[in-house]
Each structure stands twice: as structure tokens, then as C-alpha cells.
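Structural characterization, general
Residue strings, one per chain:
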Amino acid sequence: MTRIGGTWQNWARSASVRPVRVERPRSPEGVQRAVVAAVKQGLPVKAVGAGHSFTGIAVAPGVLLELDDLQGLVSADAATGRVTLLAGTRLHRIPGLLAPYGLAMENLGDIDRQSIAGAISTGTHGTGAEYGGLATQVVGVTMVTAAGEFLRIDQEHESELLPAVALGLGALGLIVEVTLQCVPAFVMHAIDEPVPLEEVLATLDERVAASDHFEFYWFPHTDIALTKRQTRLPEATVRKPLPVVGRWIDETLLSNGVYRVACAAGQVIPAITPSFSRLAVRLTGDREYTELSHRVLIQSRTVRFREMEYAIPVENVVPAFEAVQALIARRGWTIEFPIEVRFAASDDRWLSTAHGRASAYIAVHRYWRADPTEYFGAVEEIMHEFGGRPHWGKLHTLTAQTLRDRYPRFDDFVALRDRLDPERRFGNRYLERVLGS
């Protein structure tokens, strides 16, 4: 997230706004005062975290609340594993906050720059057939309503609403505290291995079932999948981390530094992209190590990009992936970013992309200076054919009319929004498009 003069931009430079006013509350009470003031003035109010959503979900045309100062641990109970964090707390800070209590988050996505409130509100997820997205770890939320009141929702207070507010798109209120159910700290044995793509697709079910966490990347113009499989182990397991120099070469120099140059060059000379993709497959993605969970699950991503990701029923993942693969070949496109495939368990969050069904995720990316419209649009049509639900924080074109058919609790969520925010104080154009006016 950046602000240039009076303009706010998200990380991907795909959304921007010039708000009427910017405030930086330092406490939940500060958020409450800001909401009350905005409502009195007839202004919409939105909170932003790190600005890592690619959509306009966080765009604040009225009062923009930056939560950079609303970070830290509120409480922790090592016995129960319950931890409460201020809403603006960045994910990369959480492992250090949990370490003194011997705890860890059950699962993470592959980027840790987001705020905890932003991550749960947009449906951030990792991979693992037995594990849900970050919102499934939420057991309590405190938020400020449009009426300017604190509303606590947990197992003792209006628990029936928890599946809605834990992944609420920022449409129901401004979250100020999040309570997570954590697990005892653990380490992971990780194997990154290049495997022929055809072999991975033919044995995908077995590979997903054989590991606690499995995913793969495919660089278009190659016939190799870069697979990542991880096994969870007790914290007392002897760690065998990657050598510092080797990790720097792989993640900083090659995966980010050289890759950034190649992406930029590919915009000028597209013909170099296939050759670079084949080189990238040969030079990266082959390593084995054992390390603390967050150091395995999180990847360093400094090359700016734009992304679209769809969740589909897990049984559809191979034909959907093959359709995208055929699309790229048929159109003759040169695509510089890999396609990422991940997995998640079914859950009960009303607007979760994995609501009620075990899911696979297919994510496509473009370098931020490339126009993704044609590529993303064509892939989106394929995802529709296979029952796709778009990630709320990533680019897509769906509207409330279409989304209503994909979520069994969609109308229940909209009714709750009508109850908590009847005047749309927390609304913006994106929410109007995906939820209705």
C-alpha cells in the first residue's frame, strides 16, 4: 500500500482512490470515534491494511482508516491456544508474537505482508487438503458497527454470526480485534521437486493425499511442474534449514531479482519469455529442508504482479487446468508468470470460496506492467464452466447476480449486511458490484 500525495494505491497498482480524509487510529476506541464522525458527516468509511488485495475491496472514497498503528497482541492463552490480535497486525509479525506461548497459526498463505483483518476478510488461504483458509481459524471478532457501537461475536456472543463476520469482505463493520484458535508450534519437512507435468496431473489425487500440504506451479511453455510437499512434525524435531547463502541465491537473487529483470524484458521482447521460463524451471524448485512452519509456508515475493484465482470443486481441478493449458497454447500467448494450483478443505464460512466443498485453487498472474484483461477473461470463462468461485481479493468480473448462485448462504449474508449497515456506510463500488446495492 502506498499514498502518493492524497492518492491511495494498492500494492499491485490495480486500484487507487483519493479519499476525502485519511485517519490513523491507534486503538479500537479511535476506530469507533472515526466511524461516528464519518457517519455524522454522511461519509462512507473503510479500513485498509497492507493494500495487498488486487480488487477494489479496500477502496475508501470517503474516510480512509489506515490501521498501521493498530497492531499487536491483546491477549494469549497457551493452555487453550486462543490468541487475540489487533486488526492491523501484519501476518509476518504474528509468529514472533506467538513464540513465547509455544503457539503457531494452523496454516498460512504464501505471502505474509497482509494485516490479519484484511487476510481473513478477503478469504486468504494456503494449501492442504485437510486445512481451511485463515478465516476458519477465527473464533472471535470485535468490530465497530455503522451505529458506532462495539459488537463482539464469538462462541458466547451471537455465535451464529461468526461464519459470516469471520470472512465479511469489510461489508459488515470495521474489525478491531481478531481472536484465533492457534495450535502448538510445529516444524515442517519440505521437499521442493521438479516433476514432469504429465506425471503430476496423472497422480494428483495421490500426491495431495500423501502430504499435509501440497501445491504445484507450472510455467507456461514448459513441461515441468514445480511441486512443493510438506509434512508437519513436532516442534522438538531437529531442524535442517536451508543454507543462508543458498536460500538467498534461490529466493532473492533468482526468484525475485533476476525474475524481475526477465519480466520487464519480456514486455519489450516477448519472445524471450519461453526461454526464460525453461531456465527458471532448471535453476529453481529443487531443495529439501526442515524448518519452523511459517518459514516453510511463506515465500518471498517482491516482483509486483496482478492475480486472478478461482476455487473449483477439487474433482474438477485436472480438466480445468488442462483447459487453461490448452487455451494458452491455442492463443499463442507468452505468459511470464507461473500458474499456481493449491488445495483446501471444505468449511462453513458463508462467503468462503471453499464453503461446503473440498476445493482446488487455480491462480493465474501477469507482471504488473502487462495488461491481464484478455488472459484473465479467457481463463475466467473456463473457471465458470467448472463451478468456479473467485477469490474476493483478486481480480475477477463477477457480480452479485452470478455470485448468488454460487454461495448457498449469499442471501443470508446480504440480509445481515442490511441489518448491520443499512445505509452502506462501509460500502464502495466493489462491494456494490459483488453484493448488490
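Residues numbered from 1 in each chain as written. Predicted model: local features only at pLDDT ≥ 70, side-chain atom pairs only at ≥ 80, totals over all residues. Heavy atoms only, no water.

Quick notes on the overall build of the chain
Looking only at helices and strands, one finds 14 helices and 21 strands in the chain. For a compact globule of 437 residues, the expected C-alpha radius of gyration is about 22 Å, and the chain comes in at 21 Å, within 12% of that figure. For the chain, the spread of C-alpha atoms along the principal axes amounts to about 60 × 50 × 40 Å. In the chain, the proportion of contacts linking residues at least 24 apart, taken out of those at least 6 apart, comes to 73%. Element-wise, carbon and sulfur atoms account for 52% of the exposed surface of the chain, whose accessible area totals about 17400 Å². (Helix = DSSP H or I, 4+ residues; strand = E, 2+ residues; numbered from the N terminus. Rg over C-alpha atoms; globule rule 2.2 N^0.38 Å. Contact = heavy atoms within 4.5 Å. Areas by Shrake-Rupley, 256 points an atom, 1.4 Å probe, with all protein chains shown as cover.)

Observations regarding a nonpolar patch on the surface
On the surface, a nonpolar cluster with roughly 270 Å² of combined accessible area is contributed by Val268, Ile269 and Ile272. Within the fold, Val268 resides in helix 7 (residues 244-268). The class of Val268 is exposed, set by a relative accessible area of 67%. (Patch = residues over 30% accessible without salt bridge, like charges linked within 9 Å, V, L, I, M, F, W, Y side chains within 5 Å. Salt bridge = Lys/Arg side-chain N within 4 Å of Asp/Glu carboxyl O. Buried < 20%, exposed > 50% of the residue type's maximum accessible area, 1.4 Å probe, protein only.)

Quick look at the pairing of strand 10 (residues 138-144)
Within strand 10, 7 of the 7 residues are buried, which leaves it mostly tucked inside the rest of the structure. Across 6 bridges, strand 10 lies against strand 12 (residues 174-181) in antiparallel orientation. Residue pairing for strand 12: Thr142 is matched across the bridge by Glu177. Between strand 10 and strand 11 (residues 150-154), which pair antiparallel one after the other, the connecting turn spans 5 residues, and Gly148 there sits at a positive phi close to 80°. (Pairing = 2+ DSSP bridges.)

Some details on the packing of helix 10 (residues 317-331) against helix 11 (residues 373-385)
A packed helix pair is summarised by two numbers, namely the angle formed by the two axes and the spacing between the axes. At a minimum axis distance of 10 Å, the contact between helix 10 and helix 11 shows a crossing angle of 145°. When you trace helix 10 past helix 11, the crossing you get is right-handed. Contact with helix 10, carried on its side by Ala320, Ala323, Val324, Leu327, Ile328 and Arg331, involves Glu374, Tyr375, Ala378, Val379, Ile382 and Met383 of helix 11 and no other residues of that element. (Axes fitted to C-alpha atoms, helices over the stretch in contact; angles between N-to-C directions. Left-handed = near helix turned anticlockwise from the far one by under 90°.)

Notes on the sheet that holds strand 5 (residues 45-48)
One open sheet accounts for 3 strands, arranged 4-6-5; its pairing is parallel. Where the open sheet ends on each side, the last strands, each with one partner, are strand 4 (21-23) and strand 5. Each adjacent strand pair in this sheet contributes to an overall mean axis angle of 25°, direction not counted. Where strand 5 lies against strand 6 (residues 63-66), 4 bridges are found, and the strand directions are parallel. Within strand 6, the position partnered with Lys46 by the bridge is Leu64. Across the sheet, helix 1 (residues 28-40) touches strand 4, strand 5 and strand 6, and the angle it forms with strand 6 is around 175°.

Section: the side chain of Ser352
Counting through the fold element by element, Ser352 comes out in the loop between strand 19 (339-344) and strand 20 (359-367). Here Asp347 takes part through its side chain, which lies 2.7 Å from a polar atom of the side chain of Ser352. Apart from the residues within four sequence positions on either side, Ser352 is in contact with Leu167, Asp347, Arg389 and Tyr407. (Polar contact = N/O pair within 3.5 Å; in protein donor to acceptor, adjacent residues only side chain to side chain.)

A few points about the sheet that holds strand 15 (residues 213-218)
Spatial ordering of the open sheet is given by 17-14-16-15-19-20-18-21, a layout of 8 strands whose pairing is antiparallel. Taken across any chain shown, the strands that pair with only one partner, and hence form the sheet edges, are strand 17 (287-292) and strand 21 (389-390). Where strand 18 (residues 305-313) meets strand 21, 2 bridges bridge the pair, whose relative direction is antiparallel. Bridging from a neighbouring strand, Tyr310 pairs with Pro390 of strand 21.

A short note on the nonpolar core
Counting 112 residues, the largest nonpolar core has Phe216 and Trp392 as the members making the most contacts within it. Among residues more than four places away in sequence, those in contact with Trp392 are Thr55, Ile57, Thr122, Leu167, Leu169, Leu351, Leu403, Tyr407, Tyr430 and Val434. Counting residues in hydrophobic clusters, the runner-up holds 9 residues, among them Ala12, Phe54, Cys263 and Tyr367. (Core = buried A, V, L, I, M, F, W, Y, C linked by side-chain atoms within 4.5 Å.)

As for the environment of Phe214
Residue placement: Phe214 occurs in strand 15. For the pair formed by Phe214 and Gly427, sequence separation is 213 residues and the distance between their alpha carbons is 37 Å. If we ignore the near neighbours within four places in the chain, the residues touching Phe214 are Thr127, Val200, Leu204, Arg207, Val208, Thr227, Lys228, Arg229 and Phe343.

Some details on helix 1
Between its first and last C-alpha, helix 1 extends 19 Å over 13 residues, near the 18 Å set by a 1.5 Å rise per residue. Buried within helix 1 are the following residues: Pro28, Gly30, Val31, Ala34, Val35 and Ala38. Projected down its long axis, helix 1 carries its buried residues within an arc of 155°, all on one side. In helix 1, the exposed positions angled more than 90 degrees off the buried face are occupied by Arg33 and Lys40. Positioned one or two residues after helix 1, Gly42 has a phi angle of 75°, which is positive. (Expected span 1.5 Å × (residues − 1). Arc of directions from axis to C-beta.)

Side note on unusual backbone geometry
Positive phi is not limited to glycine here, since Arg13 has a value of about 60°. Along the polypeptide, Arg13 turns up in the loop between strand 2 (7-9) and strand 3 (16-17). Residue classification places Arg13 among the partly exposed residues on the basis of a relative accessible area of 26%. The residue Arg424 is not glycine, and still its phi comes out positive at about 60°. As for its position among the elements, Arg424 is in the loop between helix 13 (410-420) and helix 14 (429-435).

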